Amino acid sequence: MKLLIMGRPGAGKGTQAVNIREYYNIPHISTGDIFRANLKGQTKLGLLAKTYMDKGLLVPDSVTIDLVKDRLSQPDCKEGFLLDGFPRNLEQAKALDEFLKSRNESLDAVLDIDVKPEVLIDRIVGRRVCPTCGATFHIKNNPPKVEGVCDKCGGKLIQRNDDTYETAENRLKVYDNQTAPLLDYYKNQHLLKTVNGDQDFAKVFEDIKKVLTK
Ligand code: AP5
Ligand code: MG
Ligand code: ZN
């Protein structure tokens, strides 16, 4: 399975990616997670990415595209992968197509987790993440058993730097302007599978499995 998962910021890409990764046994590659891991390690890439992420802007294609090509060239991606948060504009989508074509590979499906923008600011601002194991929670929708503590590993939960009200609004605008046009791009390739993301967590995953087995 070679998959993309798309959707507005906060739509539930990362949350559902964990389910998909386990169900299909494929690596989950999130460009946002890669940038955040680099920032944690204080690498040059991480520090560069931070200047864009903190404003809700896209990290330049010149670094992002090569990063993804490198990751997809690793042996664990041979049988399949789930890309989350990439591509985010037409240039990235074309670069991915060319890269896959050069390797005689192609995408099996593009999942779009559809959630109305009104719901999303609340989801983003209420999100808490575990920097140790990557688990995601929400103070209302999916609270940890003990406030501020990760259920899975006991780590201390934090709020992402870009999960402020202002940055979230900007991320939604960037999505509309730069990423939303990709939905037509993949629809024209007959790859787009849309799932209603404004439902219970488990129901969203049920629907994902349904559209992927069709
Ligand atoms: P990235 O990390 O990709 O962030 P994003 O696209 O803004 O998406 P999020 O991670 O915020 O949301 P999600 O859909 O994963 O939602 P989640 O499952 O966590 O990118 C961050 C930044 O990195 C970008 O702004 C950019 O600067 C840079 N970047 C990344 N990729 C790039 C690229 N290709 N090119 C250039 N720059 C790039 O869920 C959100 C919350 O909702 C959680 O609290 C969760 O518990 C809750 N929730 C989930 N599902 C449900 C549900 N069904 N019901 C109720 N609550 C739910
Ligand atoms: Mg995410
Ligand atoms: Zn954890």
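Before any of the text, the structure's been laid out above.
Quick notes on the rules
All residue numbers refer to position in the chain's written sequence, counted from 1. Lettering of chains starts at A and numbering of ligands starts at 1, both following the order in which they are written. pLDDT decides what is reported in this predicted model: residues at 70 or higher carry local features, side-chain atom pairs at 80 or more are listed and counted, and totals for whole chains, interfaces and linings draw on all residues regardless. Hydrogens are left out, water is left out, and the side-chain values use all remaining heavy atoms of the structure. Put simply, a salt bridge is a Lys or Arg side-chain nitrogen that is within 4 Å of an Asp or Glu carboxyl oxygen. Each helix corresponds to a stretch of at least 4 residues labelled H or I by DSSP, and each strand to a stretch of at least 2 residues labelled E; elements are numbered beginning at the N terminus. Throughout this document, a residue counts as near a molecule or strand when at least one of its heavy atoms sits within 4 Å of that molecule or strand. Each polar contact in these results corresponds to two N or O atoms within 3.5 Å; when the atoms are within protein, one needs to be able to donate a hydrogen and the other to accept it, and residues that are neighboring in sequence are counted only if both atoms are side-chain atoms. Working definition of accessibility: Shrake-Rupley area with a 1.4 Å probe, residue cover restricted to the visible protein chains. Any N, O or S atom lying within 2.8 Å of the metal counts as a donor, with the limit raised to 3.2 Å for Na, K and Ca; because water is left out of the atom set, some sites can appear incomplete. Geometry assignment treats four donors as tetrahedral when all angles are between 85 and 135 degrees, treats four as square planar and six as octahedral when opposite donors are over 155 degrees apart and all others between 65 and 115, and treats everything else as irregular. In this analysis, axes come from line fits to C-alpha atoms, helices being fitted only over the stretch in contact, and the angle between any two N-to-C directions falls in the range 0 to 180 degrees. Each angle gets one of four labels, with under 35 degrees taken as roughly parallel, over 145 as roughly antiparallel, 65 to 115 as roughly perpendicular, and the rest as oblique. Each crossing is labelled by how the near helix is turned from the far one, with a counterclockwise turn of less than a right angle marking it left-handed and a clockwise turn marking it right-handed. Pairs of residues are marked as contacts when any of their non-hydrogen atoms sit within 4.5 Å. Each residue receives one of three labels: charged for Asp, Glu, Lys and Arg, nonpolar for Ala, Val, Leu, Ile, Met, Phe, Trp, Tyr, Cys and Pro, and polar for the others, Gly being one of them. Remark: exposure states derive from per-residue accessible area (1.4 Å probe, protein chains only) relative to the maximum for the residue type, with buried under 20%, exposed over 50%, and partly exposed in between. Here the aromatic set is Phe, Tyr and Trp, taking the six-membered ring for Trp, and pairing holds for ring centres within 6.5 Å; pairs whose planes are under 30 degrees apart are stacked, those over 60 apart are edge-to-face, and all others are tilted.

J.: Describe the pattern of salt bridges, naming the residues involved and giving the relevant values.
T.: What the rule picks out here adds up to 16 salt bridges. Close ionic contact of Asp 163 with Arg 127 constitutes a salt bridge, the shortest N to O distance being 2.8 Å. Of this pair, Asp 163 sits in the loop between β6 (136-138) and α7 (165-179) while Arg 127 is found in strand β5 (residues 127-129), placing the two residues 36 residues apart along the sequence. Each of Arg 127, Arg 160, Asp 162, Asp 163 and Arg 171 takes part in salt bridges that share partners, so that together they form one network.

J.: Quick rundown of the site of ligand 1? Include the residues and the values.
T.: Around ligand 1, the structure places 34 residues, and the nearest of them are Thr 15, Leu 57, Arg 88, Arg 127 and Arg 171. Gly 12 is positioned with one of its backbone polar atoms (N or O) 3.0 Å from an oxygen atom of ligand 1. Arg 171 is positioned with one of its side-chain polar atoms (N or O) 2.6 Å from an oxygen atom of ligand 1. For ligand 1, whose free accessible area comes to 1000 Å², the fraction covered by protein is 96%.

J.: Tell me what's going on with the coordination of the zinc ion (ligand 3), and back it up with residues and numbers.
T.: Protein coordination at the zinc ion (ligand 3): the donors are Cys 130 (SG), Cys 133 (SG), Cys 150 (SG) and Cys 153 (SG), at 2.3 to 2.4 Å from the metal. The coordination sphere of the zinc ion (ligand 3) comprises 4 donor atoms, whose angles at the metal cover 99 to 116°; the geometry is tetrahedral. Here the donor residues of the zinc ion (ligand 3) are spaced in sequence according to C-x2-C-x16-C-x2-C. Of this pair, Cys 130 sits in the loop between β5 and β6 while Cys 153 is found in the loop between β6 and α7, placing the two residues 23 residues apart along the sequence.

J.: Give me the packing of helix α4 (residues 61-72) against helix α5 (residues 90-102): which residues, what numbers.
T.: Their axes nearest at 11 Å, the elements α4 and α5 cross at an angle of 30°. With respect to their mutual orientation, α4 and α5 come out roughly parallel. Here α4 and α5 pass one another in a crossing that is right-handed. Taken together, the residues of α5 that come into contact with α4 (itself represented by Asp 61, Thr 64, Ile 65, Lys 69 and Leu 72) are Glu 91, Gln 92, Ala 95, Leu 96 and Phe 99. For the contact of α4 with α5, the per-class residue count stands at 5 nonpolar, 2 polar and 3 charged.

J.: An account of the side chain of His 138 is needed here, citing residue identities and associated values.
T.: On the secondary structure map, His 138 appears in strand β6. Residue class for His 138 comes out buried when judged on its relative accessible area of 5%. One polar contact links the side chain of His 138 to the main-chain carbonyl oxygen of Asp 122, over a distance of 3.1 Å. At a separation of 3.0 Å, a polar atom in the side chain of His 138 contacts the main-chain amide nitrogen of Asn 141. Discounting residues that sit within four places of it in the chain, His 138 has contacts with Asp 122, Arg 123, Gly 126, Arg 127 and Pro 143.

J.: Give a description of the packing of helix α2 (residues 31-40) against helix α3 (residues 44-53) that names residues and reports values.
T.: To characterise two packed helices, one gives the angle between the axes of the helices and the distance between these axes. Relative orientation of the contacting elements α2 and α3 amounts to 120°, with a least axis distance of 7 Å. Taken together, α2 and α3 sit at an angle that is classed as oblique. The chirality of how α2 crosses α3 is left-handed. In contact with Gly 32, Phe 35, Arg 36, Asn 38 and Leu 39 of α2, α3 contributes Leu 45, Gly 46, Leu 47, Ala 49, Lys 50 and Met 53. Of the residues in the contact of α2 with α3, the class split is 6 nonpolar, 3 polar and 2 charged.

J.: Could you give an account of the packing of aromatic side chains, naming the residues involved and the relevant values?
T.: This structure, assessed with the given rule, holds 3 aromatic pairs. Ring geometry for Tyr 23 against Phe 205: centres 5.9 Å apart, planes inclined by 85°, an arrangement best described as edge-to-face. Of the two residues, Tyr 23 sits in helix α1 (residues 13-24) while Phe 205 sits in helix α9 (residues 201-213), which places them 182 residues apart along the sequence. Its relative accessible area of 47% is what places Tyr 23 among the partly exposed residues. On the basis of relative accessible area, Phe 205 is assigned to the buried category, the value being 11%. Here a set of aromatic residues connected by ring pairs shows up, and it is made of Tyr 23, Tyr 24 and Phe 205.

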